[in-house]
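Examining the three-dimensional arrangement
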Amino acid sequence: MPLHVKSIAVSIAVICFFGLSLIGWISGLSPFTCCKRAMVGAVLAYIAGTLVLKAVNAILISAMITNQMNQQKEKNSGAKD
């Protein structure tokens, strides 16, 4: 079953945003600087998450198709004997 790319990527981006803003706050950066860096990190995390999840979905779909083709071959070879 393919994964829901958008919702998972948004969750990753939100977690990344708050993680980076917390790290910036602990480091003593100004709030505006923390916000800018966290926003850039969240956008990059969203893009990376989307690409990774699309690759995982492609692998899962390919495996499902291969599995269905193998099942069809087994059924067809069993019916001929």
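This report concerns the structure included in the present document. It should be emphasised that the depicted structure is a prediction, and the values quoted were computed from it without experimental measurement.

Further remarks concern the overall build of the chain. The helix and strand inventory of the chain stands at two helices and zero strands. A compact globule built from 81 residues would reach a C-alpha radius of gyration of about 12 Å, whereas the chain, at 22 Å, exceeds it by more than 25%. Each principal axis of the C-alpha distribution contributes one length, and for the chain these read about 75 × 15 × 15 Å. Taking all 81 residues of the chain together, the buried fraction comes to 17%. Across the chain, contacts joining residues at least 24 apart in sequence account for 72% of those joining residues at least 6 apart. Accessible surface, the chain: about 6200 Å² in total, of which carbon and sulfur atoms supply 72%.

This part is about the packing of aromatic side chains. In total, this model carries one aromatic pair according to the counting rule given. Where F17 meets F18, the ring centres are 5.4 Å apart and the plane angle is 80 degrees; that geometry is what we call edge-to-face. Under the relative-accessibility criterion, F17 is labelled partly exposed at 22%. A residue is classified by how much of its surface remains accessible, and F18, at 53% relative accessible area, is exposed.

Using the criterion set out here, one finds zero disulfides in the structure. Not part of a disulfide, C35 finds its nearest cysteine sulfur in C34, a span of 8.6 Å. Residue C35 is classed as partly exposed on the basis of its relative accessible area of 41%.

A few words now on the side chain of N57. With respect to the secondary-structure elements, N57 resides in helix α2 (residues 31-80). Of the polar contacts made by the side chain of N57, one reaches the backbone nitrogen of L3; its length is 2.6 Å. Not counting the four nearest positions on each side in its chain, N57 is found in contact with P2, L3 and V5.

What follows concerns the environment of S11. Inspection of the secondary structure puts S11 in helix α1 (residues 5-26). A polar contact is formed between the side chain of S11 and the backbone oxygen of S7, at a distance of 3.0 Å.

Another aspect to go through is the side chain of S21. On the secondary structure map, S21 appears in helix α1. In this structure S21 comes out as buried when scored by relative accessible area, which is 19%.

The rules behind each value
Residues numbered from 1 in each chain as written. Predicted model: local features only at pLDDT ≥ 70, side-chain atom pairs only at ≥ 80, totals over all residues. Heavy atoms only, no water. Helix = DSSP H or I, 4+ residues; strand = E, 2+ residues; numbered from the N terminus. Rg over C-alpha atoms; globule rule 2.2 N^0.38 Å. Buried < 20%, exposed > 50% of the residue type's maximum accessible area, 1.4 Å probe, protein only. Contact = heavy atoms within 4.5 Å. Areas by Shrake-Rupley, 256 points an atom, 1.4 Å probe, with all protein chains shown as cover. Phe/Tyr/Trp six-rings, centres within 6.5 Å; stacked < 30°, edge-to-face > 60°. Disulfide = S-S within 2.5 Å. Polar contact = N/O pair within 3.5 Å; in protein donor to acceptor, adjacent residues only side chain to side chain.

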